[in-house]
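Close look at the chain arrangement
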Amino acid sequence: MTLTVVPVSLAQANTFIDRYHRHHGPLRFHKYSIGATKQQKLVGVCIVSRPVNLSMDNGITLEVARLCTDGTPNACSFLLSRAARAAKALGYRRIQTYTLADEAVKSRGASLWAAGWLFSHVSKGGTWNNVSRSRTDKHPIGDKFCWIKELS
């Protein structure tokens, strides 16, 4: 059976993420979300938003902020490729995402490579807590690998 792309609401995507994602929770905002189905069952979701890093939020770049599957083979690369196609159709020129460094080492970015994405750089981790804005870190704060796909 093949995978099929379907539109999903942010609420539907967040419900799926609550159930299956290992280290991140739901998001409050998005540009769009898509899902992958197999035999009419939702097997993965992808939430695309503006880049978190404000220096990369240039109006022509989007970011895959959450990608989550139930383990269905090829669902990650399927969703990554469809997210990029949708971004291009909307007029964006670049799409990016981040993986935890240890995830990228284990998988070598197989799903990203399969979808035509390229490794860009290592983003040094760190806490979001500081003197002027006290925060409790809710997510992993280690190094992350940035992956990009040029859409033009």
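The sections below set out a description of the structure shown in this document. Fair warning: this is a prediction, and the values are worked out from it, not measured in the lab.

Rules of the game
- Residues numbered from 1 in each chain as written.
- Predicted model: local features only at pLDDT ≥ 70, side-chain atom pairs only at ≥ 80, totals over all residues.
- Heavy atoms only, no water.
- Phe/Tyr/Trp six-rings, centres within 6.5 Å; stacked < 30°, edge-to-face > 60°.
- Helix = DSSP H or I, 4+ residues; strand = E, 2+ residues; numbered from the N terminus.
- Buried < 20%, exposed > 50% of the residue type's maximum accessible area, 1.4 Å probe, protein only.
- Patch = residues over 30% accessible without salt bridge, like charges linked within 9 Å, V, L, I, M, F, W, Y side chains within 5 Å.
- Areas by Shrake-Rupley, 256 points an atom, 1.4 Å probe, with all protein chains shown as cover.
- Salt bridge = Lys/Arg side-chain N within 4 Å of Asp/Glu carboxyl O.

As for the packing of aromatic side chains
Applying the stated rule across the entire model yields four aromatic pairs. Look at F16 and Y20: their rings are 4.5 Å apart centre to centre, the planes differ by 35°, and that puts the pair in the tilted class. In this pair, F16 and Y20 both sit in helix α1 (residues 10-20), four residues apart, roughly one turn of the helix. The buried category is assigned to F16, whose relative accessible area is 7%. Relative to F145, the ring of F119 lies with its centre 5.4 Å away and its plane at 70°, an arrangement referred to as edge-to-face. Of this pair, F119 sits in strand β6 (residues 118-123) while F145 sits in strand β7 (residues 144-150); the two residues are 26 residues apart in sequence, bridging distant segments of the chain. Taken together, W113, F119, F145 and W147 form an aromatic cluster joined through their ring pairs.

Focus: a nonpolar patch on the surface
Side chains of W113, L118, F119 and V122 sit close together on the surface and give an oily, nonpolar patch of about 380 Å² of accessible area. With three residues, the top contributor of residues to the nonpolar patch is β6. Classification of F119 by relative accessible area gives partly exposed; the value is 36%.

These results come straight from atomic positions and should not be treated as a statement about function.
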